[in-house]
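Residues per chain are reported as follows:
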There are 2 protein chains.
Amino acid sequence: MSVKADPASGNLVDRMARDIQAGVFAPGMWLKQIDLETRYEAKRMEVRRALDQLALKRLVRHVPNRGYHVHTPDNRQAEEVREVRLILETAAAGSVVANATAADIAALRALAQRFADLILEGTLLDLYEANIAFHAKLLALGSNRELINIVWELRGRGPSAPVTQWKTRARIEQSNREHFHMVEAIAAGDADALRRLTADHILQTEERQPTQRDDGA
Amino acid sequence: MSVKADPASGNLVDRMARDIQAGVFAPGMWLKQIDLETRYEAKRMEVRRALDQLALKRLVRHVPNRGYHVHTPDNRQAEEVREVRLILETAAAGSVVANATAADIAALRALAQRFADLILEGTLLDLYEANIAFHAKLLALGSNRELINIVWELRGRGPSAPVTQWKTRARIEQSNREHFHMVEAIAAGDADALRRLTADHILQTEERQPTQRDDGA
DNA sequence: GGTATAGAAATTGGCGCCAAAATTGGTTAC
DNA sequence: GTAACCAATTTTGGCGCCAATTTCTATACC
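First, a word on scope: everything that follows refers to the structure included in this document.

Reading guide: rules and limits
- Residues numbered from 1 in each chain as written.
- Chains lettered and ligands numbered in written order.
- Predicted model: local features only at pLDDT ≥ 70, side-chain atom pairs only at ≥ 80, totals over all residues.
- Heavy atoms only, no water.
- Buried < 20%, exposed > 50% of the residue type's maximum accessible area, 1.4 Å probe, protein only.
- Helix = DSSP H or I, 4+ residues; strand = E, 2+ residues; numbered from the N terminus.
- Pairing = 2+ DSSP bridges.
- Near = heavy atom within 4 Å.
- Polar contact = N/O pair within 3.5 Å; in protein donor to acceptor, adjacent residues only side chain to side chain.
- Nonpolar A, V, L, I, M, F, W, Y, C, P; charged D, E, K, R; others polar.
- 1 Å grid on protein atoms, 1.4 Å probe; cavity = no way out; pocket = protein on both sides within 12 Å on 5 of 7 lines; lining within 4 Å.
- Points joined across faces, edges and corners; volume = space filled by probe spheres on them.
- Domains from an automatic or database assignment.
- Contact = heavy atoms within 4.5 Å.
- Buried area = accessible area lost by both parts, 1.4 Å probe.
- Salt bridge = Lys/Arg side-chain N within 4 Å of Asp/Glu carboxyl O.

1. So, the pairing of strand β2 (residues 60-63) of chain A
Residues and elements named next belong to chain A. Because side chains alternate across β2, one face comprises the buried residues Val60 and His62, and the other comprises Arg61 and Val63, none of which is buried. Where β2 and strand β3 (residues 67-70) come together, four bridges link them in antiparallel fashion. Among the inter-strand pairings, arginine 61 is bridged to a residue of β3, identified as histidine 69. Here β2 folds back onto β3, and the loop between the two strands holds three residues, one of which, asparagine 65, carries a positive phi near 65°.

Printed below as a string of C-alpha cells:
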C-alpha cells in the first residue's frame, strides 16, 4: 500500500493472515494472545492491534471477554464471495488482456510453469504459494487498482486451508491446465476466452473442451 | 456485523466515519487524538483503535509519529472506485428486481419522496442522509450480502463532502428523478432498465430520455 | 458414580504514565 | 531583514500493571 507504513504491525497482520490462510490456525480455533506473542515474538499491543485489523478483514472474529477465533466461513458466505470475485475478475479481464506486454505474458507463463512443476515435487503449501503468485501477477495486469485490491482481499476470505481448495489431484491438474489456457488467451488477446476461463477457474466447474473456446457463449 | 460486538468502539468508528463523510473534517486535515477525545468523549485508547480501523478503511491515513489525517482522494482513485461500484451495482440489479416485494417498492418510493421533499426544505446534509437511506434500502434488496457490504464500504470512499457530490441544483434534481425512475424500473421488473439507470446514476452522466428506456441497449 | 458448586488459575482488556519525536515560537547570527 | 538554529511545548505511541471475566479443577453432596 503505502511506502512503508507500519512496518512492524503491517508485517504482523500479513504474517498472521498468511498463517490463517495456510491453515496453520484451523477455522474456529481460538487465538490466545499469549501464544501469538511468543509465536511472532511481538509485544502484546501489536498482537492486539493485529487481531483487530484481522477482525475488520473478517479473517478472525472477536467475542468480547472471550477473545478472537479464526472465522469459520459458512457455505453461503463462501458462495457469495465467489460470486463477487467472478463479477470483478471477469470485469477486469478486458484491461488485463489490453495491458499485457510480451514480458508480462512470459512472466505469467513462467509462474504457471512453476505451479506445474510443483505438482510433482512440491508440498501442498508450495502449490498454494505458487498459485497465489500466479494470480497476483495476473491480477496486477488490470488497470483498476481499487478493483485489484478488493479482489485480492476477497481471495483471502474464501475457504482458507489449501487442502479444502484442491480436494483431488485431478482438480489440481485442472487448475494447472486452466492457468496455461488463461495465459494463452491473454497472449491471443482474446478477452472473452479469458473471461470464460476465469469464471470456470473460480467456480471450479467441470472442464470445458479447450478447443471450443472460440464458439458462442 | 455481529450481534453487538464492540458497541462503544464500533459506534465511535461509525460516528467518525460519518463526520468525515459529512465533511466535518476536511480532506487532508490532521486529526489530533486529544481533540477527538474531547469531541467524542472517548478514552484515548478507543480513539486510537477507531483511527486504526478508519485507516484500514482508507478513510484516514496514518503517518508514523505524525498522526492521522483525513485521506484526500485523488481523481484516479475516485474514478476507479466509481468503476468498481458500477460493476457491482449493475451486477446486483438482477437480484434487486427479483427480490423486491410490493412493500419494498413502496418503502423505496417513500424514501425517494423524502429526498424529493428535502430538496426544497432541507439542508444539504439532510439530502445527503436521505440519499444514503434510499440507496441503503435499494442495495439491501440484493441477495448477495458480501456484495452489499463491499459496495457500501466503497460508497464511503468516494468524494467525501456532500457538497462535492452535487455541485449544482440541476444535478440534485437529476439524481432525484433517477431515484424515481429506478423505483419504477424495479416495480416494472425491468432489470435492464435498472442497470442502465444505476450506471447513469453512478457516473452522473447526462440524463437519457426516460421514455426510451425500453428500446434496445 | 455423577453432578453441582466453589475456589483457583488463566486470559482478556482497560487505563495511566512516561519516553521519543515533532512542531512551534523565540532568539541569535549573518 | 532574513534565515538558521535551539529550546520549550505539544503530541504521539509504547509498555506494564491490574481489575473483570471466564474457564478449569477439585471437592463435596446427592
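2. Thoughts on the protein's contact with DNA strand D
Around DNA strand D there are 16 residues in total, and Arg66 of chain A together with Lys32, Gln33, His62 and Asn65 of chain B lie nearest to it. Within 4 Å of the protein, atoms of DNA strand D come from sugar and phosphate in 71% of cases. One of the backbone N or O atoms of glutamine 33 of chain B is found 3.0 Å from a phosphate oxygen in DNA strand D. Contacts to DNA strand D include arginine 48 of chain B, whose side-chain N or O atom sits 3.2 Å from a base oxygen. Here the surface near DNA strand D is composed, by residue class, of six nonpolar, four polar and six charged.

3. Considering empty space enclosed by the protein
Residues and elements named next belong to chain B. On inspection of all chains with the given rule, the structure shows six cavities of 30 Å³ or more. The space that makes up the largest cavity amounts to roughly 130 Å³. Surrounding the largest cavity, 14 residues form its lining, Arg58, His71, Pro73, Arg157 and Gly158 being those nearest its centre. Mapped by element, the contributors of at least two residues to the lining of the largest cavity are α1 (7-22) and α4 (75-99). Considering every element that reaches the lining of the largest cavity, the biggest residue donor is α4, with three residues. Of the residues assigned to the lining of the largest cavity, the class counts are six nonpolar, six polar and two charged. Of the residues that make up the lining of the largest cavity, three or more belong to each of domain 1 (7-70) and domain 2 (75-212).

4. Quick notes on the interface of chain B and chain A
Counting residues at the interface gives 33 residues for chain B and 32 residues for chain A. Buried area between chain B and chain A, both sides added, is near 2800 Å², and the carbon and sulfur share of it is 52%. At the boundary of chain B with chain A, the tally comes to four salt bridges. A salt bridge links arginine 49 of chain A to aspartate 52 of chain B; its shortest N-O distance comes to 3.2 Å. One can count 16 residue pairs in polar contact (both at pLDDT 80 or more) joining chain B with chain A. The set of elements that each furnish at least two residues to the side of chain B that touches chain A consists of α3 (44-56), β2 (60-63), α4 and α7 (145-155) of chain B. Split into classes, the residues belonging to the side of chain B that touches chain A amount to 13 nonpolar, seven polar and 13 charged.

5. Considering the protein's contact with DNA strand C
Around DNA strand C, a shell composed of 17 residues is seen, among which Lys32, Gln33, His62 and Asn65 of chain A together with Arg66 of chain B lie nearest. Atoms of DNA strand C within 4 Å of the protein belong to the sugar or the phosphate in 69% of instances, the rest to bases. Note that a phosphate oxygen of DNA strand C is positioned 3.0 Å from one of the backbone N or O atoms of glutamine 33 of chain A. Listing elements by their share of the surface near DNA strand C, those giving two or more residues are α2 (33-40), α3 (44-56) and β2 of chain A together with α3 of chain B. When its residues are assigned to classes, the surface near DNA strand C shows six nonpolar, four polar and seven charged.

6. Focus on the pattern of salt bridges
Residue and element names in this part refer to chain B. Taken as a whole and assessed by the stated rule, the structure comprises 22 salt bridges over all chains. The salt bridge involving arginine 195 is made with aspartate 192; its shortest N-O contact spans 3.3 Å. One end of the pair is arginine 195 and the other is aspartate 192, both in helix α10 (residues 191-203) and three residues apart, which spans about a single turn. Judged by its relative accessible area of 46%, aspartate 192 falls in the partly exposed class.

7. Observations regarding the environment of glutamate 41 of chain B
With respect to the secondary-structure elements, glutamate 41 of chain B resides in the loop between α2 (33-40) and α3. Counting along the chain gives 133 residues from glutamate 41 of chain B to glutamine 174 of chain B, while the straight-line C-alpha distance between them is 40 Å.

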